[in-house]
Amino acid sequence: QVQLVESGGGLVQAGGSLRLSCAASGRTFSRYAVGWFRRAPGKEREFVASISSNGGSRDYADSVIGRFTIFRDNGKNMVYLQMNRLKPEDTAVYFCAREESSSGLGSRRSAAYGYWGQGTQVTVSS
């Protein structure tokens, strides 16, 4: 059974940094793309970043490009989201998710992901 567990959220001042982690179960973790999504109050869940199964391809939402970095360590079944120069509008619950299909490049569509973590709260104060 696939399980994803996020951690690393918290409260940070604008301009600060946080690193989120996603711990995944399963021997086949390295065959799947992983994405980060977030849901802010009053908004639909939106795409943040994704990374291909081997880490060779990365994609970012326009709102975070240049500030956020997604990377993974397949040997440890971990995916990370490094968030720098945080803004109040980054405040949201952040989720990691694994694609349903193996060997993917990642997707901006939440429907492409079959497994989701419980989320971790990120709050950025001004």
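The structure under discussion appears in the preceding block.
Because the structure is a prediction, the values reported are computed rather than measured. (Residues numbered from 1 in each chain as written. Predicted model: local features only at pLDDT ≥ 70, side-chain atom pairs only at ≥ 80, totals over all residues. Heavy atoms only, no water.)

Q: Is there a simple way to think about the overall build of the protein chain in this case?
A: Broken down by element type, the protein chain carries 0 helices and 11 strands. Compactness check: the protein chain gives a C-alpha radius of gyration of 13 Å against a globular reference of 14 Å for 126 residues, within 12% of the reference. When the backbone C-alpha atoms are referred to their principal axes, the protein chain occupies close to 40 × 25 × 25 Å. A total of 126 residues make up the protein chain; the buried ones form 45% of that total. Here the protein chain displays about 6400 Å² of accessible surface, and carbon together with sulfur accounts for 44% of that area. Counting 16 positive and 10 negative side-chain charges, the protein chain places the averaged centre of each group 5 Å from the other. (Helix = DSSP H or I, 4+ residues; strand = E, 2+ residues; numbered from the N terminus. Rg over C-alpha atoms; globule rule 2.2 N^0.38 Å. Buried < 20%, exposed > 50% of the residue type's maximum accessible area, 1.4 Å probe, protein only. Areas by Shrake-Rupley, 256 points an atom, 1.4 Å probe, with all protein chains shown as cover. Lys, Arg positive; Asp, Glu negative; His and termini not counted. Charge placed at Lys NZ, Arg CZ, Asp CG, Glu CD.)

Q: When you look at the environment of Gln13 in this model, what are you seeing that I'm missing?
A: Its location among the elements puts Gln13 in strand E2 (residues 10-13). Using a relative accessible area of 60% as the deciding quantity, one classes Gln13 as exposed. Taking the C-alpha atoms as reference points, Gln13 and Arg38, separated by 25 residues in sequence, lie 18 Å from one another.

Q: Help me understand the side chain of Asn77, please; the structure alone is not making it clear to me.
A: Following the sequence through the fold, Asn77 ends up in the loop between strand E7 (68-73) and strand E8 (78-83). Given a relative accessible area of 17%, Asn77 falls into the buried group. Contacts of Asn77, omitting those with residues within four sequence positions, involve Cys22, Ala23, Ala24, Ser25, Gly26 and Phe29. (Contact = heavy atoms within 4.5 Å.)

Q: Would you mind going over the pattern of salt bridges with me for this structure?
A: Inspection of the entire model under this criterion finds 6 salt bridges. Among the ionic pairs, Arg108 bridges to Asp59, the shortest N-O distance being 2.5 Å. Here Asp59 lies in strand E6 (residues 58-60) and Arg108 lies in the loop between strand E9 (92-102) and strand E10 (113-116), a separation of 49 residues in the sequence. Among the ionic pairs, Arg67 bridges to Asp90, the shortest N-O distance being 2.8 Å. In this pair, Arg67 is assigned in the loop between E6 and E7 and Asp90 in the loop between E8 and E9, connecting sequence segments 23 residues apart. We classify Asp90 as buried; its relative accessible area is 1%. (Salt bridge = Lys/Arg side-chain N within 4 Å of Asp/Glu carboxyl O.)

Q: Help me understand the side chain of Thr120 in this model?
A: Note on placement: Thr120 falls in strand E11 (residues 120-125). Side-chain polar atoms of Thr120 contact the backbone nitrogen of Gly9, separated by 3.2 Å. With near-sequence residues (within four places) excluded, Thr120 lies in contact with Glu6, Ser7, Gly8, Gly9, Leu20, Ala92, Val93 and Tyr94. (Polar contact = N/O pair within 3.5 Å; in protein donor to acceptor, adjacent residues only side chain to side chain.)

Q: Hey, could you run me through the packing of aromatic side chains in this one?
A: The relation between two aromatic rings is expressed through the spacing of the ring centres and the mutual angle of the planes. Applying the stated criterion across every chain, the model contains 5 aromatic pairs. Among the aromatic residues, those joined into a cluster by ring pairs are Phe37, Phe47, Tyr113 and Trp116. Over the face of the ring belonging to Phe95 we find Arg45, whose NZ or CZ atom lies 4.9 Å from the ring centre. A cation over an aromatic ring shows up here: Arg72 above the ring of Phe29, its NZ or CZ 4.5 Å from the ring centre. (Phe/Tyr/Trp six-rings, centres within 6.5 Å; stacked < 30°, edge-to-face > 60°. Lys NZ or Arg CZ within 6 Å of the ring centre and 35° of its normal.)

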